[in-house]
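# Tertiary structure, described
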Amino acid sequence: MTGSDFSVLPRHVAVIMDGNGRWAKKRGLARSEGHIEGAKTFRRIGEYAGNLGIKHITFYAFSTENWSRPENEVNAIMHLFGDYLKEALDRLDENLKKGIRLRFLGDRTGIAPELANLMDTVEKYTENMTKINLNIAVNYGSQQEITGAVQSIAEDVKAGLLQPGQITPELIASRLYTGDQPPVDLMIRPSGEQRISNFLLWQSAYAEFWYSDVLWPDFTERDFDEALRSYEKRNRRFGGV
Ligand code: IPE
Ligand code: IPE
Ligand code: MG
């Protein structure tokens, strides 16, 4: 497929990469094996979205609630994330040629300093890229994100920089991690679950949802096409008629 095969493409796609654990369990493997496969799927689909001409895509990699998992699983996920960051730097020239801007959404203070430093470096090195914005949500929780935005606005009100009446939806949106990025048009969740799990609550106010039973490690370019086909046919009304 190419982007021109679609009459309309979402500006911003969000993907909840779910089902790694069940994929591994079905095969009698450790959950971490599912995360290894899931990380490969993430690379494939990210690349494919860029080739199609999607401008913004956000992958949910680790939620603020995922810290409650067994320590070895959390470590395995963080290790894979570190591998990805190092690879992104090793292949910097390639990524720059592809025009990929990498950004990370989430609370970086909760992440190991070595990883947080790599995140900063990757963001900085790719900040002038404009073909695709690829966001990875790590230690991300939407309610925490909105709380942080409200706190920063409250600080401005306290300092006399803002009047309460000047607080608008646009101002709140601008203080989120996605600040300058468009709202989510299409939300994809594989693995059979039909819930949002604290992901991009504000940004998805008018998103179209697409669910599939496929587990994330098995998710293919064809599944992504199917989601885009479905989106193409949706009649978005934004409250109008
Ligand atoms: C998604 O897969 C990856 C993360 C949440 C980090 P899961 O690990 O949630 O897989 P299931 O839902 O247990 O199958
Ligand atoms: C959502 O999946 C978080 C990520 C994919 C990173 P979960 O597996 O954590 O969500 P729940 O617990 O099923 O809602
Ligand atoms: Mg899950």
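Description of the structure in this document.

Conventions and cut-offs
- Residues numbered from 1 in each chain as written.
- Chains lettered and ligands numbered in written order.
- Predicted model: local features only at pLDDT ≥ 70, side-chain atom pairs only at ≥ 80, totals over all residues.
- Heavy atoms only, no water.
- Near = heavy atom within 4 Å.
- Polar contact = N/O pair within 3.5 Å; in protein donor to acceptor, adjacent residues only side chain to side chain.
- Areas by Shrake-Rupley, 256 points an atom, 1.4 Å probe, with all protein chains shown as cover.
- Helix = DSSP H or I, 4+ residues; strand = E, 2+ residues; numbered from the N terminus.
- Nonpolar A, V, L, I, M, F, W, Y, C, P; charged D, E, K, R; others polar.
- Salt bridge = Lys/Arg side-chain N within 4 Å of Asp/Glu carboxyl O.
- Buried < 20%, exposed > 50% of the residue type's maximum accessible area, 1.4 Å probe, protein only.
- Contact = heavy atoms within 4.5 Å.
- Pairing = 2+ DSSP bridges.
- Axes fitted to C-alpha atoms, helices over the stretch in contact; angles between N-to-C directions.

## Here's the deal with the site of ligand 1
Lining the immediate surroundings of ligand 1 are 13 residues, of which Met17, Asp18, Arg22, Arg31 and Arg69 lie closest. One of the side-chain nitrogen or oxygen atoms of Asp18 is found 2.9 Å away from an oxygen atom of ligand 1. At 2.7 Å, a side-chain N or O of Arg69 approaches an oxygen atom of ligand 1. Protein chains shield 87% of the accessible area of ligand 1, which is 370 Å² for the free molecule. Elements with a contribution of two residues or more to the shell around ligand 1: α1 (20–26), α2 (31–52) and α3 (71–90). Top element by residues in the shell around ligand 1 is α1. It accounts for 3 residues. By residue class, the composition of the shell around ligand 1 is 3 nonpolar, 5 polar and 5 charged.

## Considering the pattern of salt bridges
Within this structure, the stated rule accounts for 22 salt bridges. The partner of Asp218 in a salt bridge is Arg27, and the shortest N-O contact between them spans 4.0 Å. In this pair, Asp218 is assigned in the loop between β6 (208–211) and α8 (221–233) and Arg27 in the loop between α1 and α2, connecting sequence segments 191 residues apart. For Arg27, a relative accessible area of 40% translates into the label partly exposed. The closest approach of N and O atoms between Asp180 and Arg103, which form a salt bridge, is 3.2 Å. Of the two residues, Asp180 sits in the loop between α7 (169–174) and β5 (186–189) while Arg103 sits in strand β3 (residues 100–105), which places them 77 residues apart along the sequence. Under the relative-accessibility criterion, Arg103 is labelled buried at 13%.

## Some remarks on the side chain of Ser63
Considering the arrangement of structural elements, one finds Ser63 in strand β2 (residues 56–63). The class for Ser63 is buried, based on a relative accessible area of 6%. Residues contacting Ser63, with those up to four places away along its chain left out, are Asn139 and Tyr140.

## Quick notes on the sheet that holds β5
Pairing in this open sheet of 6 strands is parallel, and the strands run β3-β4-β2-β1-β5-β6 from one edge to the other. The sheet is open, and its two borders are formed by β3 and β6, each paired with just one other strand. Neighbour-to-neighbour, the strand axes of this sheet turn through a mean angle of 20°, independent of strand direction. α2 rests against β2 and β4 (132–140) of the sheet, and its axis sits at about 145° to β4.

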